[in-house]
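Architecture at a glance
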Amino acid sequence: MTQAALPTYADVEAAAARLAGVAHRTPVLTSRTINEQLGAEVFFKFESLQRMGAFKFRGAYNALAQFNAEQRRAGVVAFSSGNHAQGVALAARILGIPATIIMPDDAPAMKVAATRGYGARVVTYDRYKEDREAIGRKLAEEGGLTLIPPYDHADVIAGQGTSAKELFEEVGALDALFMPLGGGGLLSGSLLSAKALAPACQVYGVEPEAGNDGQQSLRQGSIVRIDTPVTLADGAQTQYLGKITFAIIQRDVTDILTGTDAQLVEAMRFFGSRMKQVVEPTGALGLAGLQNVADQWRGKRVGVIVSGGNVDLARYAELVGAAA
Ligand SMILES: *Cc1c(COP(=O)(O)O)cnc(C)c1O
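Residues numbered from 1 in each chain as written. Predicted model: local features only at pLDDT ≥ 70, side-chain atom pairs only at ≥ 80, totals over all residues. Heavy atoms only, no water.

Relative to the elements of secondary structure, Lys300 occurs in the loop between α13 (285-292) and β10 (301-306). If sequence neighbours within four positions are ignored, Lys300 has contacts with Ala40, Glu41 and Asp175. (Helix = DSSP H or I, 4+ residues; strand = E, 2+ residues; numbered from the N terminus. Contact = heavy atoms within 4.5 Å.)

And the structure:
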């Protein structure tokens, strides 16, 4: 992929115009407790309060809104461990486009139910044995459906970048910004916004420790593929970064950090007890990553994108209720 083909901040601006009045401008909240703990001024952008409960609606809607008449008639197909599925399903319903979603058979029940609830047809597969991309391509070829991948797509990336754009517009330049990293749609889109709106801001992606393919890729200088990692962070169980997302990440990112499952649970407890926010394990990665390098950011202004809040309530209670 040549640099010229990569999405730019102008694409993020165009996405923001499409999303105006459709997506929520999610709230930015602060906590004196965490500021005192870390000695920094921390701004949390709660994408858990976005429509369908995660930032994924942004990219999905931005992609589907650009379909031509033929694509709208034939419909969209997407593969996803959950939130991209819901994002595509909701965007498709709003735009009147039929949606088929390919989901792993062990996806959280709440995410499957929500996707069906938005009117999408759900097809399941075994995530440890089958190749979801091949299944998606087959459906796309047979039915003329347009495949919208969860992260490696310019329109998806541009849409995801609108969250960081809103954050910088609301709180001004930041010294650092932390967010979860799966396939890199959120991180690469955010990098486009950061380079345009706060060029000095140091931007970090945070992966589950068990699935640090992005960190390995950055160190090695090429995309590293790993087995599906076993982690609570089901939204970041991706095995490899995308070609487009990696090109932007490699060019612009400060570093890629990791967080352990235990840290995610601790961060979820903090969000629940102190900030009264239900956050899914993946959504807590940004805070976990910040906490691991907090010494570097004392006295600084730091942003954290809390990417989603979709977690079965029984599962949530089990996780945050267990003895610390
Ligand atoms: C998809 C997702 C991520 C990872 O986003 P990528 O664009 O794949 O890097 C992080 N958090 C949540 C809640 C998600 O749904």
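In this section: the sheet that holds strand β5 (residues 121-125). Judged by pairing direction, the sheet is parallel, and its four strands sit side by side in the order β5-β4-β3-β6 without closing on themselves. Each edge of the open sheet is held by one strand with a lone partner, namely β5 and β6 (146-147). Both strand β3 (residues 76-79) and β6 contribute to a ladder of two bridges, which runs parallel. Within β6, the residue paired with Val77 across the bridge is Leu147. (Pairing = 2+ DSSP bridges.)

What follows covers the site of the ligand. Neighbouring residues of the ligand: 16 residues in total, closest Lys56, Asn83, Gly182, Gly184 and Ser307. Here Gly185 contributes a backbone N or O atom positioned 2.9 Å from an oxygen atom of the ligand. In the environment of the ligand, an oxygen atom lies 2.9 Å from a nitrogen or oxygen atom belonging to the backbone of Leu186. In isolation the ligand exposes 390 Å². Once the protein is present, 97% of that is buried. Tallied by class, residues from the shell around the ligand come to five nonpolar, nine polar and two charged. (Near = heavy atom within 4 Å. Polar contact = N/O pair within 3.5 Å; in protein donor to acceptor, adjacent residues only side chain to side chain. Areas by Shrake-Rupley, 256 points an atom, 1.4 Å probe, with all protein chains shown as cover. Nonpolar A, V, L, I, M, F, W, Y, C, P; charged D, E, K, R; others polar.)

It is worth spelling out the sheet that holds strand β2 (residues 41-46) at this point. What holds strands together in a sheet is hydrogen bonding between their backbones, with the strands either parallel or antiparallel. Ordered by their spatial adjacency, six strands build an open sheet running β1-β2-β10-β7-β8-β9, and the pairing between neighbours is mixed. Both outer strands of the open sheet, β1 (28-29) and β9 (255-259), are each paired with one neighbouring strand and no more. Bridge analysis of strand β8 (residues 202-208) against β9 gives five bridges, and the strand direction is parallel. Within β9, the position partnered with Glu207 by the bridge is Thr258. The strands touched by helix α10 (residues 213-220) are β8 and β9; relative to β9, the strand with the most contacts, the crossing angle is about 150°. (Axes fitted to C-alpha atoms, helices over the stretch in contact; angles between N-to-C directions.)

Now for the nonpolar core. Val42, Phe44, Phe178, Phe271, Leu287, Leu290 and Trp297 are the most contacted members of the largest nonpolar core, which totals 36 residues. Only α2 (32-38), β2, β7 (176-180), β8, α12 (261-275), α13, β10 and α14 (313-321) provide two or more residues apiece to this core. Discounting chain neighbours no more than four positions away, the residues touching Phe271 are Phe44, Phe46, Lys276, Gln277, Val279, Ala284, Leu287 and Val306. The next biggest cluster of nonpolar side chains, apart from the first, holds 33 residues, and it includes Ala164, Met179, Ala198 and Ile244. (Core = buried A, V, L, I, M, F, W, Y, C linked by side-chain atoms within 4.5 Å. Buried < 20%, exposed > 50% of the residue type's maximum accessible area, 1.4 Å probe, protein only.)

Most of β10 sits inside the fold, with five of its six residues counted as buried. Sheet analysis places β2 next to β10, joined by six bridges and oriented parallel. Considered in β10, the bridge of Phe44 is made with Val304. Where β7 lies against β10, three bridges are found, and the strand directions are parallel. From the neighbouring strand, Phe178 faces β10, where its bridge partner is Val304.

Each α-helix winds once per 3.6 residues, and so residues spaced three or four apart point in a common direction. Every buried residue of α10 is accounted for by Asp213, Gly214, Gln215, Ser217 and Leu218. Of the surrounding elements, those touching the buried residues of α10 are β8, α11 (243-252) and β9.

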